[in-house]
Amino acid sequence: MNCKQSNKEIDPIRDGLLSVRALNCCRHLGINSINELAEYAKSNDLYQIRNCGRKTRFELYNVLSKYTHYYMLPEIKTSLDVLNKINDYIPIISCDDKSSEIRVVIPSDIRVQAVNIFDSCVLVSNDDIKDCFLHKYQDVNKLLSYCFSDITSFFKFEDKFSVDIILSSWDLSLDILHKIELYISDNFTNRKCNQTIKYFCYSINLLIKDIKLHYCDNKISLLFSRLDSSAVEPVQSEYNRIKRNISTRAGNVLAENNIDYKNIIKFCEYTIPNIHQTKLYRAMKAMEISEAFSSYQQYICNLTDLKPEQIKLSLLLKDFSFLDEVLAHEIIKFYEKKGYYPFFRLLYLYFQTSDYRKNIIFNKAKGITYPLMSFTDISYEFGIAKERVRQIVSDVSKRSYPQKYTQNFNQNNYSFLAKDYISIQDIYYLVNESEFNSIDTHFSYDSLIAILSFCKEVSIVEYNNQKIVVNSQILSSFDLKSALADISKTISAKTTEDVLLPINIFINKYTLDSSIDASRITSILTFFLTDILGVELDYNNNLVLKQNSIDIESELVKILEENGQPMSFDDLMFKLNSLYSTKYKFTKGNTKRIIVNSNRISSIGKTSTYSLYKWNVCNLTIRGLIHQILSDSDSPLSLDEIVSILKIKGRNTNKKNIRNSIRSAGKYNFIRLENGLYGLSTKQYSDS
């Protein structure tokens, strides 16, 4: 029913729609209709009516304003000069007739102070809020005009302003109204004052209550109206993430109240304060919910008014906080091209940018973005025990990364995961070409191996100085390492005649889960035997054990002892074949397998150079060897002398590498003396 119909058909006094006290006051004066009350109010003050208290007077003022469209104060209470000033009135447009106006008087006693309150509140606001606010409300009269005319107009601002600015403008408006109300209550309510002030104070009070009643609903509507459709899913995900992190009882409170990602804001602002007044355990859960969702509204605000590409960037920076905007844009371009985020590159960048001490230690121990370092070198650098370095590396290796990191690591994005086995070189080529080829990084084989160690889907099997990536399901169903060790031992045994040995013997012996397809095990075992160990198989997958009366390991040891220094693998093979060229033909795969399983021969680093364990040069780094050489020498040495000694010990290097190693190894106490000689600061050298 509109206002016209209300005025013509409804009379609150005649129809008995007022409170009992208000009706009794009217009947005491002989007033039987709203029009009679209006006529009475023109020449009399309702304050003088018997038994008409403050609430009753406000009720009568309210019905006069609502059903007669105007309210006139008695001339004896308000100066005609003041009433005739347009600034003393706030014109309120009627809801049914734009030509009619409801005039609410701003009392002259408070008008100046209201202007001062308005100006001071606006003045202390920041420039963005000030521009938004003054764009709609040029002065206090304009503010009250909007507020009294229609409560919905209070919440309407132009879309060109951000959500944060609009919400701040709402708060600024409420702050002004609160301060005006407070000024009136502090200065006028405790003493007799004219009815204009009392009615104005009552109107402001009702207005503030009405705004607060609709504030949260309008805020929620504003937030989600400004969200792009692509941002709704992230908001839901953020709500679910927070919900998963709260306790079960707190989650039950949300379920009991049918809370979702939208009404959680209203629940926290209106319902939770009331829950605090109930039982203690519910109050504690309410506090937990309020704290958990304290930043939820700001999270939504950050997504509002953003374009889809900006939303992608914002979400990516939130999920991967170690990225800067430049890197984030590159990752987004990769996603737009490939349809997934680059798993290897993200983890590489994570370790590259991390300043967390354990991550740095793991990074250097595995050589992800730093040059590969030994545990000994790391222990010197960080001042911790070597065993502590091992513990840290183990702890970081076992770390489970969030789903946002691992969700892209699947067969759809990385086809090699569908294979039972693949060489590390093949994976490196695929990953480097796809994720790193267009940028300047130091992504290496060590980087790839370290990152793969976090992946539960695959495991790295190192055998015969080669690394093969094997499906973890295979390794959980078949003890591959034990099978290879057993086969190597069998092949190394001396035989007086050729023997055929079915590999099914080893498959059956070392199968842990019979449910796995046997052909998959046969395939991977055949690959290791033929491609890694160089073992001969016939067409029935039988091991062909050739007649072997020579102890190859002992022969190799003799060759190294006679040579007196480490030898390369090719030199060892040449020497071995030259000794028995007329009787036997030794294969590289079988010979390397024997060396790998030997407890007398060891490899030096990754140089395919071999030495004897008893020479004690195998496990030292270049820096360690230099330190050992200088420690054994009574006089300082030149770079040429150091290079020569290292060559004798099986390390082929040059002066430039030696110089760089000395410069970057302060923990070894290297010093440079006159004439380009090098020594140790812990030793005393003669002046000569």
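Residues numbered from 1 in each chain as written. Predicted model: local features only at pLDDT ≥ 70, side-chain atom pairs only at ≥ 80, totals over all residues. Heavy atoms only, no water.

Section: the overall build of the protein chain
Note the threshold: By the criteria applied, helices consist of DSSP H or I runs no shorter than four residues and strands consist of E runs no shorter than two, each listed in order from the N terminus. When accessible area is computed with a 1.4 Å probe and restricted to protein chains, residues below 20% of their type maximum are described as buried, those above 50% as exposed, and intermediate ones as partly exposed. Any pair of residues with heavy atoms lying within 4.5 Å of one another is described as a contacting pair. Areas reported here follow the Shrake-Rupley algorithm with a probe of radius 1.4 Å; residue values treat only the protein chains shown as occluding.
Assigned secondary structure in the protein chain consists of 35 helices and 12 strands. Among the 688 residues that make up the protein chain, the fraction classed as buried is 45%. Considering only contacts within the protein chain whose residues lie at least 6 apart along the sequence, 62% involve residues at least 24 apart. Surface accessibility of the protein chain: about 36,800 Å² in total, with carbon and sulfur atoms responsible for 47%.

A look at the packing of aromatic side chains
Put simply, the rule is: Ring pairs are drawn from Phe, Tyr and Trp, using the six-membered ring of Trp, whenever the two centres fall within 6.5 Å, and their geometry is named by plane angle: stacked under 30 degrees, edge-to-face over 60, tilted for the rest.
In this structure the tally under the stated criterion is 37 aromatic pairs. Seen from their ring centres, Phe118 and Phe133 are 5.6 Å apart, and the 40° between their planes marks the pair as tilted. With Phe118 in helix H6 (residues 108-123) and Phe133 in helix H7 (residues 127-136), this residue pair connects regions lying 15 residues apart in the sequence. A residue is classified by how much of its surface remains accessible, and Phe118, at 3% relative accessible area, is buried.

Here we look at helix H8 (residues 140-149)
Let me state the cut-off plainly: Here a polar contact is taken to be a pair of N or O atoms separated by no more than 3.5 Å, where protein atoms must pair a possible hydrogen donor with a possible acceptor and residues adjacent in sequence count only if both atoms sit in side chains.
Within H8, seven of the 10 residues are buried, which leaves the element mostly enclosed by the surrounding structure. If you check which residues of H8 are buried, you get Val140, Asn141, Leu143, Leu144, Ser145, Cys147 and Phe148. Capping the start of H8, Asp139 holds a side-chain oxygen 3.1 Å from the backbone nitrogen of Asn141, two or three residues further along.

A word on the environment of Gly16
Turning to its location among the elements, Gly16 is positioned in the loop between helix H1 (3-9) and helix H2 (20-28). Judged by its relative accessible area of 35%, Gly16 is partly exposed. Separated by 16 residues in the primary sequence, Gly16 and Asn32 have C-alpha atoms spaced 9.8 Å apart.

Here we look at the environment of Ser321
You can see Ser321 is positioned in the loop between helix H17 (308-319) and helix H18 (325-338). For the pair Ser321 and Tyr350, spaced 29 residues apart in the sequence, the C-alpha separation amounts to 9.1 Å.

Things to note about the packing of H18 against helix H19 (residues 343-353)
Under the convention used in this document: Under this scheme, a helix contributes an axis fitted over its contacting stretch, all axes are lines through C-alpha atoms, and angles between N-to-C directions fall in the 0 to 180 degree range. Every angle not falling under 35 degrees, over 145, or within 65 to 115 is termed oblique; those three ranges are roughly parallel, roughly antiparallel and roughly perpendicular. Classes in brief: Ala, Val, Leu, Ile, Met, Phe, Trp, Tyr, Cys and Pro nonpolar; Asp, Glu, Lys and Arg charged; the others, Gly included, polar.
At a minimum axis separation of 11 Å, H18 and H19 run at an interaxial angle of 170°. In terms of their interaxial angle, H18 and H19 are classed as roughly antiparallel. For the pair H18 and H19, contact is made by Leu327, Glu330 and Ile331 and by Arg345, Leu346 and Leu349, respectively. Tallied by class, residues from the contact of H18 with H19 come to four nonpolar, no polar and two charged.

Observations regarding the pairing of strand S7 (residues 542-545)
Note the cut-off: When DSSP finds two or more bridges between two strands, those strands count as paired.
By the alternation rule, side chains of S7 split into Asn542 and Val544 and Leu543 and Leu545, which are all buried. Two elements, strand S6 (residues 499-502) and S7, share four bridges in a ladder whose sense is antiparallel. Residue pairing across strands places Leu501 opposite Leu543, the latter belonging to S7.

Let's talk about the pattern of salt bridges
Rules: For this analysis, a salt bridge means a side-chain nitrogen from Lys or Arg found within 4 Å of a carboxyl oxygen belonging to Asp or Glu.
Considering all chains together, one arrives at 15 salt bridges under this definition. Glu238 is the partner of Arg241 in a salt bridge, and the nearest nitrogen-oxygen pair spans 2.8 Å. Taken together, the residues Arg241 and Glu238, both in helix H12 (residues 229-245) and three residues apart, mark about one turn of the helix. For Arg241, a relative accessible area of 35% translates into the label partly exposed. Here Lys364 makes a salt bridge to Glu381, at a shortest N to O gap of 2.3 Å. Here Lys364 is found in helix H20 (residues 357-366), whereas its partner Glu381 is found in helix H21 (residues 375-382), with 17 residues between them in sequence.

Regarding the packing of H17 against H18
Here is the rule: Left-handed describes a crossing whose near helix is turned anticlockwise from the far helix through less than a right angle; right-handed describes the clockwise counterpart.
Between H17 and H18, the shortest axis-to-axis distance is 10 Å and the interhelical angle comes to 115°. As judged from the angle between their axes, H17 and H18 are roughly perpendicular. The chirality of how H17 crosses H18 is right-handed. Listed contacts from H18 to Lys312, Leu313, Leu316 and Leu317 of H17 are Glu325, Ala328, His329, Ile331, Ile332 and Glu336. Of the residues belonging to the contact of H17 with H18, the class tally is six nonpolar, one polar and three charged.

Details of the sheet that holds strand S9 (residues 601-604)
Pairing is antiparallel in the open sheet, where three strands are placed in the order S8-S10-S9. Pairing within the sheet leaves two strands with one partner each, and these edge strands are strand S8 (567-568) and S9. Bridge analysis of S9 against strand S10 (residues 609-612) gives four bridges, and the strand direction is antiparallel. If you follow Ile604 over to S10, its bridge partner there is Thr609. Helix H30 (residues 552-563) rests against S8, S9 and S10 of the sheet, and its axis sits at about 90° to S10.

Considerations on the side chain of Thr369
If you trace the backbone, Thr369 turns up in the loop between H20 and H21. Engagement of the side chain of Thr369 in a polar contact is seen with the side chain of Asn363, the distance being 2.6 Å. Contact partners of Thr369, with chain neighbours within four places excluded, come to Tyr348, Phe351, Gln352 and Asn363.

Examining helix H13 (residues 248-256)
Three- or four-residue spacings in an α-helix give side chains the same orientation, since the helix completes a turn every 3.6 residues. Operational definition: Within this analysis, the arc is defined by the directions that extend from the helix axis to the C-beta atoms.
Buried within H13 we find Ala250, Gly251, Val253 and Leu254. Angular distribution of buried residues about the axis of H13 spans 150°; they occupy a single face of the element. The exposed set on the far side of H13, more than 90 degrees from its buried face, consists of Thr248, Arg249 and Glu256. Positive backbone phi, approximately 55°, marks Asn258, located one or two places after H13.

A few points about the nonpolar core
Our working definition: Nonpolar core, defined: a set of buried Ala, Val, Leu, Ile, Met, Phe, Trp, Tyr and Cys residues in which side-chain atoms within 4.5 Å join the residues together.
One finds Ile264, Ile289 and Tyr296 to be the most contacted residues of the largest nonpolar core, which totals 71 residues. Top contributing element to this core by residue count: helix H11 (residues 195-225), with 13 residues. Apart from residues no more than four positions distant in its own chain, Ile289 is found in contact with Ala250, Val253, Leu254, Ile264, Phe267, Cys268 and Ile272.

Comments concerning the confidence of the model for the protein chain
Our working definition: A residue's pLDDT is the predictor's confidence in that residue, given on a scale from 0 to 100.
Looking at the protein chain as a whole, its pLDDT mean stands at 79, while 84% of the residues score no less than 70. Per-element confidence in the protein chain is highest for H20, whose mean pLDDT is 91, and lowest for helix H5 (residues 80-83), whose mean pLDDT is 32. Note that residues 1-8 has pLDDT below 50 and, in this model, 13 contacts with residues that lie over four places away or in other chains. Within the model, the stretch residues 69-103 combines pLDDT values under 50 with 72 contacts to residues more than four positions away or in other chains.

Side note on unusual backbone geometry
In this structure, Asn258 is a non-glycine residue whose phi angle is positive, near 55°. Position of Asn258 relative to the elements: it lies in the loop between H13 and helix H14 (264-275).

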